[in-house]
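Geometric and topological summary
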Number of protein chains: 2
Amino acid sequence: MDLLPKCNANYVPLTPLTFLKRAADVYANRTSVIYEGTRFTWRQTYHRCRRLAASLHSLNIVKNDVVSVLAPNIPAMYEMHFAVPMAGAVLNAINTRLDAKTIATILRHSEAKVFFVDYQFVPLAREALRLLMGDHSQDFVSFESSFPLVIVIDDIDSPTGVRLGELEYEQLVHKGNPNYVVEDIQDEWDPIALNYTSGTTSEPKGVVYSHRGAYLSTLSLILGWEMGTEPVYLWTLPMFHCNGWTFTWGIAARGGTNVCLRNITSYDMYRNISLHKVTHMCCAPIVFNILLEAKPHERSQITPPVQVLTGGAPPPASLLEKIEPLGFHVTHAYGLTEATGPALVCEWQAKWNQLPRGAQAKLKARQGISILTLADVDVKDLKTMNSVSRDGKSIGEIVLRGSSIMKGYFKDPNATSKALKNGWFATGDVGVVHPDGYLEIKDRSKDVIISGGENISSVELESVLYRHPRVLEAAVVAMPHPLWGESPCAFVAIKKNADGKTDDVKESDIIAYCRKNLPRFMVPKKVEFLPELPKTATGKIQKFQLRTLAKTFEVSKSRVVNQNLPSKKNGQSNQSNTEIPRCTAQPHEHVLAMSRL
Amino acid sequence: MDLLPKCNANYVPLTPLTFLKRAADVYANRTSVIYEGTRFTWRQTYHRCRRLAASLHSLNIVKNDVVSVLAPNIPAMYEMHFAVPMAGAVLNAINTRLDAKTIATILRHSEAKVFFVDYQFVPLAREALRLLMGDHSQDFVSFESSFPLVIVIDDIDSPTGVRLGELEYEQLVHKGNPNYVVEDIQDEWDPIALNYTSGTTSEPKGVVYSHRGAYLSTLSLILGWEMGTEPVYLWTLPMFHCNGWTFTWGIAARGGTNVCLRNITSYDMYRNISLHKVTHMCCAPIVFNILLEAKPHERSQITPPVQVLTGGAPPPASLLEKIEPLGFHVTHAYGLTEATGPALVCEWQAKWNQLPRGAQAKLKARQGISILTLADVDVKDLKTMNSVSRDGKSIGEIVLRGSSIMKGYFKDPNATSKALKNGWFATGDVGVVHPDGYLEIKDRSKDVIISGGENISSVELESVLYRHPRVLEAAVVAMPHPLWGESPCAFVAIKKNADGKTDDVKESDIIAYCRKNLPRFMVPKKVEFLPELPKTATGKIQKFQLRTLAKTFEVSKSRVVNQNLPSKKNGQSNQSNTEIPRCTAQPHEHVLAMSRL
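Our subject in this report is the structure included herewith. All of these numbers come straight from a predicted model, not from anything done at the bench. (Residues numbered from 1 in each chain as written. Chains lettered and ligands numbered in written order. Predicted model: local features only at pLDDT ≥ 70, side-chain atom pairs only at ≥ 80, totals over all residues. Heavy atoms only, no water.)

Here's the deal with the overall build of chain A
Each helix and strand counted, chain A has 19 helices and 27 strands in total. Taking all 597 residues of chain A together, 61% fall into the buried category. Counting contacts in chain A only where the partners sit at least 6 residues apart, residues at least 24 apart contribute 70% of the total. Approximately 23000 Å² of chain A is accessible, and the part contributed by carbon and sulfur atoms is 52%. (Helix = DSSP H or I, 4+ residues; strand = E, 2+ residues; numbered from the N terminus. Buried < 20%, exposed > 50% of the residue type's maximum accessible area, 1.4 Å probe, protein only. Contact = heavy atoms within 4.5 Å. Areas by Shrake-Rupley, 256 points an atom, 1.4 Å probe, with all protein chains shown as cover.)

So, the packing of helix 1 (residues 17-26) of chain B against helix 2 (residues 42-58) of chain B
Helices that pack against each other are described as a pair by the angle of their axes relative to one another and the distance between those axes. Residue and element names in this part refer to chain B. One can describe the packing of helix 1 onto helix 2 by two numbers: an axis separation of 7 Å at closest approach and a directional angle of 135°. The angle between helix 1 and helix 2 places the two elements in the oblique class. By crossing handedness, the relation of helix 1 to helix 2 is classed as left-handed. Residues Leu20, Lys21, Ala23 and Ala24 of helix 1 form the contact with helix 2, whose own contacting residues are Trp42, Arg43, Thr45, Tyr46 and Cys49. Of the residues contributing to the contact of helix 1 with helix 2, the split by class is six nonpolar, one polar and two charged. (Axes fitted to C-alpha atoms, helices over the stretch in contact; angles between N-to-C directions. Parallel < 35°, antiparallel > 145°, perpendicular 65-115°, else oblique. Left-handed = near helix turned anticlockwise from the far one by under 90°. Nonpolar A, V, L, I, M, F, W, Y, C, P; charged D, E, K, R; others polar.)

Quick notes on helix 14 (residues 357-364) of chain A
Given 3.6 residues to a turn, an α-helix orients residues that are three or four positions apart in the same direction. Buried residues of helix 14 of chain A: Gln360, Ala361, Leu363 and Lys364 of chain A, and no others. The arc that holds every buried residue of helix 14 of chain A, seen down its axis, measures 160°, which confines them to one face. (Arc of directions from axis to C-beta.)

Let's talk about the interface of chain A and chain B
Contacts between the two partners involve 74 residues from chain A and, on the opposite side, 74 residues from chain B. Taken together, the two surfaces of chain A and chain B that pack against each other cover about 5900 Å², and 54% of this comes from carbon and sulfur. For the pair chain A and chain B, the number of links is six salt bridges. Put simply, glutamate 188 of chain A and arginine 212 of chain B hold a salt bridge, and the shortest N to O gap is 2.9 Å. Put simply, chain A and chain B have 30 residue pairs in polar contact (both at pLDDT 80 or more) between them. Counting only elements with at least two residues in the side of chain A that touches chain B, the list comes to helix 1 (17-26), strand 8 (191-196), helix 8 (211-224), strand 16 (369-370), strand 17 (374-380), strand 18 (396-402), strand 19 (408-409) and strand 21 (424-433) of chain A. Residue classes in the side of chain A that touches chain B are distributed as 39 nonpolar, 15 polar and 20 charged. (Buried area = accessible area lost by both parts, 1.4 Å probe. Salt bridge = Lys/Arg side-chain N within 4 Å of Asp/Glu carboxyl O. Polar contact = N/O pair within 3.5 Å; in protein donor to acceptor, adjacent residues only side chain to side chain.)

A word on the pattern of salt bridges
One pass over the structure, following the stated rule, counts 48 salt bridges over all chains. Shared partners join several salt bridges into a network, and the residues in it are Glu188 and Arg212 of chain A together with Glu188 and Arg212 of chain B.

Section: the sheet that holds strand 16 of chain A
Residues and elements named next belong to chain A. Pairing is mixed across the open sheet formed by nine strands, whose spatial order is 2-1-11-10-12-13-14-15-16. Unpaired on one side and paired on the other, strand 2 (38-41) and strand 16 mark the two borders of the sheet. Where strand 10 (residues 232-234) meets strand 12 (residues 280-283), two bridges bridge the pair, whose relative direction is parallel. Paired with tyrosine 233 across the strands is histidine 280, a residue of strand 12. Each of strand 1 (31-35), strand 2, strand 10, strand 11 (257-259), strand 12, strand 13 (306-310) and strand 14 (328-336) touches helix 11 (residues 266-276); the most contacted strand, strand 10, lies at about 175° to it. (Pairing = 2+ DSSP bridges.)

Description of the environment of aspartate 443 of chain A
Residue and element names in this part refer to chain A. Within the secondary structure, aspartate 443 is located in strand 22 (residues 439-444). For the pair formed by aspartate 443 and glycine 255, sequence separation is 188 residues and the distance between their alpha carbons is 38 Å. With sequence-adjacent residues up to four places away left out, aspartate 443 is seen in contact with Gly428, Asp429, Val430, Val448, Ile456, Ser457, Ser458, Val459 and Lys543.

Let's talk about helix 4 (residues 100-110) of chain A
Taken together, the buried positions of helix 4 of chain A are Ala100, Thr102, Ile103, Ala104, Ile106, Leu107 and Ser110 of chain A. Positioned one or two residues after helix 4 of chain A, glutamate 111 of chain A has a phi angle of 55°, which is positive.

Focus on the pairing of strand 21 of chain A
Residue and element names in this part refer to chain A. Among the 10 residues of strand 21, nine are classified as buried, and the element is accordingly described as predominantly covered. Judged from the four bridges that link them, strand 18 and strand 21 form a sheet pairing that is antiparallel. Note that in strand 21 the partner of leucine 400 across the bridge is phenylalanine 425. Bridge analysis of strand 20 (residues 420-421) against strand 21 gives two bridges, and the strand direction is antiparallel. Within strand 21, the position partnered with lysine 421 by the bridge is tryptophan 424. Sheet analysis places strand 21 next to strand 22, joined by five bridges and oriented antiparallel. Of the residues in strand 22, the one forming a bridge with valine 430 is aspartate 443. Hairpin connection of strand 21 to strand 22: five residues between the antiparallel strands, including glycine 437 at a positive phi of 90°.

Focus on the pairing of strand 25 (residues 471-481) of chain A
Regular strands show a simple pattern: their side chains alternate between the two faces of the sheet. Counting buried positions over the 11 residues of strand 25 of chain A gives nine, a clear majority of the element. Between strand 25 of chain A and strand 26 (residues 485-494) of chain A, which pair antiparallel one after the other, the connecting turn spans three residues.

With respect to the packing of aromatic side chains
All names here are of chain A. On inspection of all chains with the given rule, the structure shows 22 aromatic pairs over all chains. With a centroid separation of 5.8 Å and 75° between ring planes, the pair formed by phenylalanine 116 and tyrosine 169 is classed as edge-to-face. With a gap of 53 residues between them, phenylalanine 116 in strand 5 (residues 114-118) and tyrosine 169 in helix 7 (residues 169-175) connect regions that are remote in the sequence. For the residue pair phenylalanine 116 and tyrosine 169, the accessibility class agrees, reading buried in each case. A centroid spacing of 4.6 Å and a plane angle of 70° characterise the contact between tyrosine 233 and tryptophan 235, whose relative ring orientation is edge-to-face. The buried category is assigned to tyrosine 233, whose relative accessible area is 0%. (Phe/Tyr/Trp six-rings, centres within 6.5 Å; stacked < 30°, edge-to-face > 60°.)

Shape is all these values report; function is a separate question.
The following block contains the structure:
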C-alpha cells in the first residue's frame, strides 16, 4: 500500500468542540439552553462560548491551564464545557457537595488558574479559599502565583448582585471578542477535563480525560442509550459527575435542548419536565424516590415516555415497579470516573418485554454490556487473571480497555501505573458474566470477604440486611477469624420503632434473620449497631473506616464452634462444619449490587 | 498538565474489527446473518471470520496485501469485511456490474494477491483474468508474482460445484485455525479497504480507507440514521458500494441481523422483508421503482415501518408519495466514495411532520447536514473560495474535512493532492445552503454552465426536461457560444409514441417547452436527439462524452440574435437581450439534483 500521509482534510483531531461548531451550523436556530426565563439558540451558545474563551485568553489562560468551577446545573456550567477547552484549557468541575477543606485540596492539587463560583456557593468557596490562602500566608510570592483568579457566576435569570472579587461571568461573556479564533486542538490526546474522584477509600484523585476519549465516549453513550435527534434533556444529573456522563457534549452532538435546573426538587423536576416536554434525563436511583414522594401540588402532567439513564446503584425492582408506570422508562448503566462515565449499559432486548415485570426488573438491575468505544471488557479471576466462565456465578474482577479510559491520574504516576496495568484498567469491582454476555457487579474487590477460601460478596449480604424491616443502613466488611482467615462483620443502623427506640433489635435477631435468608457460611459472625454509618461528602459509605473498626474485633474459638452447630429449627440442612458449603446464591438476586457512577 | 502517556489500556487503535469482537461477546447467540436457509449467530460469524483470516495468513497474505472480491450480497462477502482486515490485509470489493476490462485494470492496479469470485461471476472473472494474463504472457516471472490466487465462492445455501481453480471459500473457512490470533492493528491510520470509483469522468481511482475512518464513519451513520439496536437489515445496497455505506461494519456494531440477498428482485425483496421482519435497508431511489412495480404475486405483507436510507440521487417527490404509504420510511443521504459513503444526511425535523406531503418531499430531497464525524462541511464560492450566504440561492462548491475522508487515491499522488487541498476535500459538487443550514446539491462543478457570467445548473435544467412527457433521458452540458462563452446544449432520448416512433418530437418543441418553464438565459441553445445516452457500467450518464460532442457544435451569430428576440406568445416578458437576466430559480424545485452515492 502506498504511504498516504495524514493531512488537514482527512485527519482532524477528535474533540467534542466540533459538536458545538456543527450544532451552530446545522441546528443554528434551535433552542440549546433553557433556564427558567432564559433561552439560547445553538448559534447563541456557540457565540457565547467563543466570547468566554476569548476573555479567558485575555486573562492569560494558556494551553493546559486548569479552570475550576463550583456551580449547579446552570447555563454557565454548560457553556464552560466548551468555552474552557476552546481557550485550550482544562475544565475542572468540582462536586458542590464537598466540604471546604476538600475543595481547597482540589484547588491546590489542580493548580487552578481561574476559579468560577456560582453565587450560591460563595460562602463555601470563601471558606475553601481561606484554607488555601492559609497555606501561603507566610510566602507571598508563592501565594501570588498559585492563588486562582476568582470569578463569580451570578444567576443569569434573577441576578442577585452577590460578588466574590471583581469579575462576573456575564461580563466576561459580553466583553469577549466575538470573532475569537478557537484554539486549535493539535493533538486529540490533549487534556480536556480533570475530574476528582469522590474518595471513598483515599484522598481524591484527579482523573484526566483527553479530547479523544471525551469525543468517543460521547458518541458511545448516545448510541448506547439510543438517543435520537432533538432530545429535550433535563439536567438532574450534576454536570460535575464525569461531565454529566458526557451528555454536556452529547446534547450538542444531537442538537438537543438542555433544560438547566438549579435545584433538584420534585417540584422543579415535574414543572420542567411538563413545561418543556422533557424526553431524557440521567440520575441516580435516589432521584426516583424524590419523584415518587412528591406531594400532589408538586406534581405536573408529563408527556411520556421520559427516558431515564440511571447509575451509581442498580435501580431496585421496587422503585422500577413504581416509577415506570408514571411514564419514566429506565435504562441502567455502570461506570466510573476513570472510564469517562458509563462503561456498561444494560441494553434492553426486545424479547424481554414479554417477561413479567419482576423478571424485567432483575434483568434491568444488571450492569449490562460494554459501550461501543470500549475495545474490550472482561471479567478475570482474581487469582489467575484468566477470564471467568459465562455462568452468572464465577466471580472475577471487571477490567476495561479502550479509548474511553482516562489518560491517568494527575500528578500521580504510581496510582496511574497501578490502575492501568498489563493493558487493562482494573475497576476494582468484582462481578459475574451471565450466559447472555451481560455483566453483573457483585462487589468492590477490596470489599470481598474471603472466608475459608470462599468469596463472600459484601453487597449480596447487605442486600439481604436491607430487606430486614428495621434495618436503615447496612455495611458488611471482613473481620479476622481464627479458623477461616476472614469472616463477615455487619455494621447496621436501626430504624426507630413507634416509641422512637432502636435498642429493641438485638444482634441475635439480625443473625437469626440472616440464617433464614443466607447460606450458613455467609452469615455475619458479628453485628455491630451504630446510630449512623460513616459517609463521604457524596453520601457513599466509607467502608475503610468500618474495616479499621472490624480489625479490633475478635471471634472467640468457642463462638466458632457454637455457630457451626447444626440449627434445624432455622430450616438449614445438617451440614458438616468442616466442609465449607459452596455459594448457592442465584443470579438476579442482588438488586442492590453497586454501580459506581 | 502532567505528561500522561498513552498505554494499551487507554489507547486502542480505532477499528471496525472491535465491533465484531464485541458482537461475539455481547450478542453471541443473536442471529448475525440470514441467507435463504442458512443462518449464523454472532459467535459463529466471529469464529468463521477468524478461521478465514487464519487461512489467508497461511496463504502468505501479509499486512497491507490487497484481497479482491467479486460477489453479490452473500454471507461470504459480509464475512470478508472482517476476515480480510483480521489478516492485516486490505479489502477490495469490486463492482460486479463492471466489464472484464475494467476488472482487469483494477486487479492490475491494486496488485491483488487473492481474488475471491462468486460462482455466478466466474465467466466474467475468467475473462478479466484472461485479459490480465495477456499483460504478462511474455514475462513468466512477472506473471507468477503478480497474478492473484483465485478462490471461488460457491453458493453456501445451494452449492453448484462451479469452480475456477482449486480453492473454494468454505474449505478455507473450515481449514482455518479457530484459535487464530487476529492481526493487531498497530496504527488506526492503516488501510482497511480499497474502493475504486465508478469513473464517470476518467479511469477508476482507488480510494483508500483507514481503520480510523471506517470506524468513525460507521458510528456516524448509525447516529445519522438513528439506527437502534437489533436492526434487521436487508442487503439491497451492494456491499461493494463504499462497503455498503459502512453498514457492513455497522450491523455488527448494533448487534443486528444481516439479511443477505443474491438478486435484487421485487419478489426477493418483499419475501425477505416479510419473512424476517426487516427494519432497515439502503438503496438508490431506482429500487423504489422495483418495489412499486412489483406484480401482485411478487408482493408480501410487510411490517412497517421499514427505514430506508437512500442516496445516489435525491428521491423524487412522485416516488416518495407512492413508496411511503406502503410502509417504507425514507431518509435521504449524500456522499461519495472519497467520504466513506454518506457525508450528509437529511436529518428529519419533527416540526416538518405538520407540512403537506409535497412540501415534505421537497425538504427530503435536500442533501441535508453533515454527519457527526465530519469536522466541517462548507459551501464555498467557486471564485473567491469564501463561504456562500445561507440563502438557498448562492451557489458554491461543497467541501468536506474530517476523519471520514479517504486517506487518498492509491498510487496516485497527483490526484490525491488535487482532491485534498488547503485542508479540504473538494467534492466537485456545487450546491447551496438553505437558511436552516441544510445543503442542497445543484450540480457537479464541472457540469455547471457559465453563460454570460451566470451559473446555470445543468441538473436544474435536466429536471425540467425530465418533466416533459416524451423525454426518456436528458443531459445538459456546455457548448461554446460566440457571445456568452458557454451556453446549454441538451442531449435527449425520446420515449416512443403509440406508433413506436420518436421522430415526431422536434428540437423546436423541446426549446418551446423550455421557454415556458425556464428563465430565458437557461433555455438550451441546441437540443440533440440520441437513441440512448452514453453511460458507465453503474448506469451513470457519461457527460464527458457529451461534452466532447457539444464542443463540435457551433451557435451561429444569426441564431443568437434570433433566439433573443422577444417572444410574447410564450408568456415571457420583453427582456432586453443585452442584459443577462438573474437566476430566478427557487429553492426546493430541483428534486432531481444529484446525490453522488
